[in-house]
Amino acid sequence: MGKLLSMQAREINSIQDAEFKVFSQYGDDGIIQYLIKAATIRSHSFVEFGVETYVESNTRFLLINNNWSGLVLDGSDQNIAYIRSDPFFWQHHLIANQAFITAENINSLLTDAGFKGPLGLLSIDIDGNDYWVWKAIDAVDADIVVVEYNSLFGPERPITVPYQPDFVRSKAHYSYLYFGASLAALCDLATEKGYSFVGCNSTGVNAYFVKNTQLGSLKPLTAAEGYVYSKFREGRDPDGNLTYATGDDRIAVIRGLPVFNTRTQSVEPF
């Protein structure tokens, strides 16, 4: 079904119109299929980190449906062992390595695995230092970049969690809601690195950026135009239980925690 959907010609007014799910958490498989056709892709290769067992991911459909090659990274030895034991691992050109990713080690992790220069797609989802790690990357030059953003930070303030090399979302705050960066901060960084923002998925989780030189007919958006407020209820209480908090009740839990303003280069309260 995913293969048929990827081949289907549809009228696309926003990247959300292209959504479908095979291996992705939400509709990102469809968005990525649309973007690799609409943009000018120089390399059929990808890097994704924060993949856990790779059962749910942004690049597995690219690997199996499009026969792209790639590198996946995760901090758990057990997760990497699981990936390497799956038959698809020998059926396709995939490298799976264990690493706790930081801004300091990401480039060596990429080059040591043989990834340098043009790259088709880079997917960043580490629930924490996403902004800082993307900012640090210069080993690869991706045509498409997918980055998870924290929609609770809103569409206007350019903020991220302050950089800590050992940042772990579950330890940073009991709620699991204090992580990552705002869409505005990521859009500013994208501009610095030569990318245009082209939209978010419909659930308000992932933001998509395409290199300016590879945009093709894709229309750049501002953060305000493309921002999507998430509705998923993943917040937790101090005992680790899901609270199912919705709307701005989630924001209230993390109000006042320190965030780094990427324009003023200073720490301020959320």
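See the structure above.
The notes below deal with the structure included here. Nothing here was measured: the structure is a model prediction, and the numbers come from that model. (Residues numbered from 1 in each chain as written. Predicted model: local features only at pLDDT ≥ 70, side-chain atom pairs only at ≥ 80, totals over all residues. Heavy atoms only, no water.)

## Side note on the overall build of the chain
Link 1 in the chain: Looking only at helices and strands, the chain has 11 helices and 10 strands in total.
Link 2 in the chain: Its C-alpha atoms give the chain a radius of gyration of 18 Å, within 12% of the compact-globule value 18 Å for 270 residues.
Link 3 in the chain: The dimensions of the chain, computed from C-alpha atoms along their principal axes, are 45 × 40 × 35 Å.
Link 4 in the chain: Sorting the 270 residues of the chain into buried and exposed places 52% on the buried side. (Helix = DSSP H or I, 4+ residues; strand = E, 2+ residues; numbered from the N terminus. Rg over C-alpha atoms; globule rule 2.2 N^0.38 Å. Buried < 20%, exposed > 50% of the residue type's maximum accessible area, 1.4 Å probe, protein only.)

## A look at the packing of aromatic side chains
Link 1 in the chain: Taken as a whole, this structure holds 11 aromatic pairs when the rule is applied.
Link 2 in the chain: Ring pairing ties together the aromatic residues Y131, W132, Y163 and F260, which thus form one cluster.
Link 3 in the chain: Directly above the aromatic system of F23 lies the positively charged group of R60, at a separation of 4.8 Å from the ring centroid.
Link 4 in the chain: Sitting over the face of the ring of F270, R255 holds its NZ or CZ atom 4.6 Å from the ring centroid. (Phe/Tyr/Trp six-rings, centres within 6.5 Å; stacked < 30°, edge-to-face > 60°. Lys NZ or Arg CZ within 6 Å of the ring centre and 35° of its normal.)

## Description of unusual backbone geometry
Link 1 in the chain: Within the chain, E52 stands out as a residue other than glycine whose phi angle is a positive 55°.
Link 2 in the chain: Under the relative-accessibility criterion, E52 is labelled exposed at 55%.
Link 3 in the chain: Even without being a glycine, Y54 presents a positive backbone phi close to 70°.
Link 4 in the chain: Within the element layout of this structure, Y54 appears in the loop between strand 1 (45-49) and helix 3 (60-65).
Link 5 in the chain: Given the relative accessible area of 0%, Y54 is considered buried.

## Side note on the pattern of salt bridges
Link 1 in the chain: If you walk through the whole model with that rule in mind, you get 8 salt bridges.
Link 2 in the chain: Two residues, R157 and E268, come together in a salt bridge whose shortest N-O distance is 2.7 Å. Separated by 111 residues along the polypeptide, R157 in the loop between strand 5 (140-148) and strand 6 (159-160) and E268 in strand 10 (residues 266-269) bring together distant segments of the chain.
Link 3 in the chain: Across the pair D188 and R263 runs a salt bridge, and its minimum N-O distance is 2.6 Å. In this pair, D188 sits in helix 9 (residues 183-193) while R263 sits in the loop between strand 9 (258-261) and strand 10, placing the two residues 75 residues apart along the sequence.
Link 4 in the chain: Judged by its relative accessible area of 53%, R263 is exposed.
Link 5 in the chain: Here the residues in one salt-bridge network are R42, D141, D143 and K211, joined through shared partners. (Salt bridge = Lys/Arg side-chain N within 4 Å of Asp/Glu carboxyl O.)

## Concerning the sheet that holds strand 9
Link 1 in the chain: Taken in spatial order, the 3 strands make up an open sheet running 6-9-10, and their pairing is antiparallel. The strands lining the two open edges of the sheet, one partner per strand, are strand 6 and strand 10.
Link 2 in the chain: Of the pairings in the sheet, the one linking strand 6 to strand 9 comprises 2 bridges and is antiparallel in character. Bridge assignment links T160 to a residue of strand 9, and that residue is F260. (Pairing = 2+ DSSP bridges.)

## Quick word on helix 2 (residues 28-38)
Each α-helix winds once per 3.6 residues, and so residues spaced three or four apart point in a common direction.
Link 1 in the chain: Taking burial as the measure, the 11 residues of helix 2 include 9 buried ones, the bulk of the element.
Link 2 in the chain: When helix 2 is considered as a whole, its buried residues turn out to be D28, D29, G30, I31, I32, Q33, L35, I36 and A38.
Link 3 in the chain: In this structure, the buried side of helix 2 is in contact with helix 1 (2-7), helix 3, strand 4 (117-124), strand 5, strand 7 (195-200) and strand 8 (206-211). (Contact = heavy atoms within 4.5 Å.)

## Concerning the pairing of strand 4
Link 1 in the chain: The element strand 4 is largely enclosed, with a buried count of 7 among its 8 residues.
Link 2 in the chain: With 4 bridges joining them, strand 1 and strand 4 adopt parallel strand pairing. Residue pairing for strand 4: F46 is matched across the bridge by L121.
Link 3 in the chain: Relative to strand 5, strand 4 runs parallel, the two being bridged by 7 bridges. Bridged to L121 within strand 5 is I144.

## Notes on the sheet that holds strand 1
Link 1 in the chain: Reading across from one edge, 3-2-1-4-5-8-7 is the order of the 7 strands in this open sheet, with mixed pairing throughout. Two strands in the sheet have a free side with no partner beyond their single neighbour: strand 3 (94-98) and strand 7. Pairwise comparison of adjacent strand axes, ignoring direction, gives a mean angle of 20° for this sheet.
Link 2 in the chain: Note that strand 5 and strand 8 share 5 bridges and pair antiparallel. Bridge pairing in strand 8 places V145 opposite F209.
Link 3 in the chain: On top of the sheet, helix 4 (residues 77-85) reaches strand 2 (69-74) and strand 3; it is set at about 160° to strand 3, its chief contact.
Link 4 in the chain: Of the strands in this sheet, strand 5, strand 7 and strand 8 are in contact with helix 9, which crosses strand 7 at around 150°. (Axes fitted to C-alpha atoms, helices over the stretch in contact; angles between N-to-C directions.)

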